Amino acid sequence: MKKAFYLIILMGSAMNFALAQEGVLKPVVDHPVYFDISPPLRDMLPILPMKYDGSWKVSEVKNYFSLNRGENQQQQTALVTDPGLQDHNGWLPSDTTIQNFEGMNNVGGYVPPDTHGDVGLNYFFQVVNCSYSIYNKSGSKILGPLASSSVWSGMPNNTNSGDAIVIYDEVANRWFFSQFSLPNGSSSAPFYQMIAVSQTPDPTGSWYRYEYIFYAMPDYPKFGVWPDAYYMSANLFGGGWVGNGAYCFDRAAMIAGNPDATRISFTLSPGSDGFISLLPSDCDGTFPA
């Protein structure tokens, strides 16, 4: 894990700027608060998705996007306009789609839907915030739609709070799935990040299931695969904006189902530049030297 201390600092130039402003960051090392091994997902009691209730976000994480864009349009535009946003289509190379099929829709009605998905050797795993479905590569649905929290069914502190992420680890031929859990709401710690790593290349089989504790709410978590760790970034809230969180989880230990898999954490206090939403390094295919 020693390399992780250096690689995590390369998550973006914004982090380097913060290091210069805030001084040397001190890592915090800890371990999961819960671990177990799930039954095969295909054999577990299905938990169906529920309709979205965004009231928990109102007090802590403001959502400036509205379904009714005509309402208070001027204020919304001022809050969400991105000067780097591309406003036209780029050049599209001619290619042939190998497979095209309709996936899962926004069954929970989330705003924004925070869609995610990844493709493995034999499966496509799709996530829409708090719901997931698994397809074979011919487009036939083999599981879902189910609540994302059902992957950790039976574990404590497990709520279907959302922002789920799925990644296919190509080198290990495993699946990585995670979402946060806010059993006490968005304003009351502790909070949890639920992580699962499949035991085999089959995502409908059994998973190694982990639960890590947070004392600031880890909103908008993002993950990446790197040789020495699974990397995570999050926007931290607790009585307002706390800063950016950067984390690495012992990848080899998680793949092996080690119940004591290490987490290394850094918290970047908010600076005058106000950067937010870091993205961790992610490698698809062969790892670099």
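Everything here concerns the structure above.
First things first, this report covers the structure right here in the doc. (Residues numbered from 1 in each chain as written. Predicted model: local features only at pLDDT ≥ 70, side-chain atom pairs only at ≥ 80, totals over all residues. Heavy atoms only, no water.)

## A closer look at the environment of P270
In step 1: Along the polypeptide, P270 turns up in the segment after β14 (263-268).
In step 2: Note on P270: relative accessible area 38%, which makes it partly exposed.
In step 3: Once the C-alpha coordinates of P270 and G243 are considered, the two residues, 27 residues apart in sequence, prove to be 4.7 Å apart. (Helix = DSSP H or I, 4+ residues; strand = E, 2+ residues; numbered from the N terminus. Buried < 20%, exposed > 50% of the residue type's maximum accessible area, 1.4 Å probe, protein only.)

## Structural notes on unusual backbone geometry
In step 1: In this chain, V111 is followed by P112 through a cis amide linkage whose omega measures -5°.
In step 2: With respect to the helices and strands, P112 occurs in the loop between α3 (73-80) and β3 (115-119).
In step 3: Here the residue pair G144 and P145 is connected by a cis peptide bond, since its omega of 0° sits within 30 degrees of zero.
In step 4: By the secondary structure assignment, P145 is in strand β6 (residues 141-147).
In step 5: Although it is not a glycine, D163 sits at a positive phi angle of roughly 55°.
In step 6: Mapped onto the secondary structure, D163 falls in strand β7 (residues 162-169).
In step 7: In the Ramachandran plot, S277 falls in the positive-phi region, its phi being about 60° despite a non-glycine side chain.
In step 8: Looking at the element boundaries, S277 is found in the segment after β14.

## Notes on the pattern of salt bridges
In step 1: For the structure shown, the criterion picks out four salt bridges.
In step 2: For D30, the salt bridge identified is with R263, shortest N-O distance 2.5 Å. Taken together, the residues D30 in strand β1 (residues 28-30) and R263 in strand β14 connect sequence positions 233 residues apart.
In step 3: Note that D202 and R42 form a salt bridge whose closest N and O atoms lie 3.1 Å from each other. Highlighted residues: D202 in the loop between β9 (191-198) and β10 (207-214) and R42 in the loop between β2 (34-37) and α3, separated in sequence by 160 residues.
In step 4: Among the residues examined, R42 registers a relative accessible area of 48% and is labelled partly exposed. (Salt bridge = Lys/Arg side-chain N within 4 Å of Asp/Glu carboxyl O.)

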